[in-house]
Amino acid sequence: DGTVKDIEVTVTYKADPAEATVFYVDDDNEGNVVKTEITKGKTDGLGIYTVKIPDGYEYVSAEGQTFISCDGNVLKIRFTADETDNATIHLKHAHKDVDPSDPDDPYYDATHDTATQIIHYVDQNGKTVFTDDKSQTLDYERTVTIDSVTGEITGYGDWKAVDGDEFGSVTSPDKPGYDVDKSEVSGEKPGITNGKDGKVSDVEETVTYTAVDEDATITYVDDDKNGAQVGDIVTVTGKTDDSTTYTVTIPDGYEYVGTDGGVVSADGKTVTITFAADDSDNVVIHLKHGHEDVDPSDPDDPYYDATHDTATQIIHYVDQNGKTVFTDDKSQTLDYERTVTIDSVTGEITGYGDWKAVDGDEFGSVTSPDKPGYDVDKSEVSGEKPGITNGKDGKVSDVEETVTYTAVDEDATITYVDDDKNGAQVGDIVTVTGKTDDSTTYTVTIPDGYEYVGTDGGVVSADGKTVTITFAADDSDNVVIHLKHGHKDVDPSDPDDPYYACLLYTSDAADELDG
């Protein structure tokens, strides 16, 4: 009955502490680990782990030797000494719809859009004539779906108008000098596209203005005549707002002053005119009278007299009574010239130069001529310079000198002669005295027995009774009175009469009697 008894030994194992790792992985990002958590327990022990889904994620499933509750919120883990107790929780990104009202929100631009009605106003060349009209806008909104982890937009709703989806009509503004192709722009709806690149499009319209023909005038005016028009008005034609270059033509006799209107070149020779619908494109060219200095040599020139003058030395020869004794001496002259400035438009003289001698400015001396019977106060007239005044009424004055001759005493004789005795003197010579060229009247006295025949010299009266004698420095003032014997018949009765005894003679014999 011998037996061998078993020996029983009890070995007791005490569970060691154990850890299990819970991995959260992102299935939408190639399984990248989002986070890890350690849960602790004893080997072979059972642990309860509460799942903590990170913000922005959603639960997908669990993986490992675990038991997960139906709602995915709890894991039951059997701890092991190796890593077989680790668990993996699969996550996916959550998504949400957003429609922010805050303009600072990062999704505001993706969910809001504004359509603008843009009206372009251009001319026929496409150049802007009015600022674009952008006064009308329409606002639109939509929702977008975003990835709650990455923030990326993953979906787009449709655009919806906030307040009306059609623009109103707009009247085109008027532009003087232009025809417009659309007097009114009708309202339209903006174009809409949805989706990622969806937008609400602006509505663009173009209104074209076509320039019409316009006239611009160029008027020349005389500033020296209070703006009086000079010549005809020049008209140039072009399209509104187009430009043309006009060449200024200064009329003869005028000078350029300035221009009102247009754009004037630096030298004033051209004006650039931009055509306008009103009178603002008109140009006024101001002129003034030109002036020029003239000194003509042609005596027929109208300015000859104003530019030429002659001074004459005039010597008057007079007696003591102021009576001319010789013709004035005007033999010496001095010529002078000057320039005058004339208004080239009116021809009027506006300025005067100074007189200048052509050939010498002083007269020569002149010897006074001799006049018999006179004493002269100036035997010689010395040369002088003529007086000169300049200016409008300026002239070169003649030089006048007066030489006075004073008559001296002269004798004139009156001689009576007997023509019947071959001019024998009868009686005494009568002498009368006076100043040269003065006159005296002599009364003829016929001696007894004589008869008057005639007179040589002087001026005899009609009856021969008087003689006017003008005294001279020579004998030309002497007078001869011619006589002849008187005759008479006698028949004396007195015997004592001397002719009594002669009665017997004939009268012819009596003529031979002397006395």
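To keep things clear, this report deals only with the structure shown in the data block. (Residues numbered from 1 in each chain as written. Predicted model: local features only at pLDDT ≥ 70, side-chain atom pairs only at ≥ 80, totals over all residues. Heavy atoms only, no water.)

Focus on the side chain of Thr111
Move 1: With respect to the helices, strands and loops of the structure, Thr111 is situated in helix H1 (residues 108–111).
Move 2: The buried category is assigned to Thr111, whose relative accessible area is 0%.
Move 3: Within the structure, Thr111 has its side chain in polar contact with the side chain of His112 (distance 2.9 Å).
Move 4: Look past the residues within four positions of Thr111 in its chain and what remains in contact with it is Val98, Asp99, Pro100, Tyr140, Glu141, Arg142, Thr143, Val144 and Trp159. (Helix = DSSP H or I, 4+ residues; strand = E, 2+ residues; numbered from the N terminus. Buried < 20%, exposed > 50% of the residue type's maximum accessible area, 1.4 Å probe, protein only. Polar contact = N/O pair within 3.5 Å; in protein donor to acceptor, adjacent residues only side chain to side chain. Contact = heavy atoms within 4.5 Å.)

Looking at the sheet that holds strand S20 (residues 243–247)
Move 1: Judged by pairing direction, the sheet is antiparallel, and its three strands sit side by side in the order S20-S23-S22 without closing on themselves. In this open sheet, the two edge strands, each paired with only one partner strand, are S20 and strand S22 (263–264).
Move 2: Where S22 lies against strand S23 (residues 270–274), two bridges are found, and the strand directions are antiparallel. Along S23, the bridge assignment pairs Val263 with Thr272. (Pairing = 2+ DSSP bridges.)

A short note on unusual backbone geometry
Phi is mostly negative for residues that are not glycine, and the peptide bonds are mostly trans.
Move 1: In this structure, Asp44 is a non-glycine residue whose phi angle is positive, near 70 degrees.
Move 2: Tracing the backbone shows Asp44 in the loop between strand S2 (32–42) and strand S3 (46–50).
Move 3: For Asp241, which is not glycine, the phi torsion reads 70 degrees and is therefore positive.
Move 4: Its place among the elements puts Asp241 in the loop between strand S19 (228–239) and S20.

Considerations on the sheet that holds strand S9 (residues 112–123)
Move 1: The five strands lie next to each other as S13-S10-S9-S17-S15, forming an open sheet whose pairing is mixed. Of all the strands in the sheet, the pair left with one neighbour each is strand S13 (160–161) and strand S15 (178–180).
Move 2: Across seven bridges, S9 lies against strand S17 (residues 203–211) in parallel orientation. Bridged to Ile119 within S17 is Glu205.

Quick look at the environment of Thr21
Move 1: Relative to the assigned elements, Thr21 resides in strand S1 (residues 17–26).
Move 2: Residue classification places Thr21 among the buried residues on the basis of a relative accessible area of 16%.
Move 3: Distance from Thr21 to Gly261, taken between C-alpha atoms, is 94 Å for residues 240 residues apart in sequence.
Move 4: If near-sequence neighbours (up to four positions away) are discounted, Thr21 is found in contact with Thr36, Glu37, Ile38, Asn86 and Ala87.

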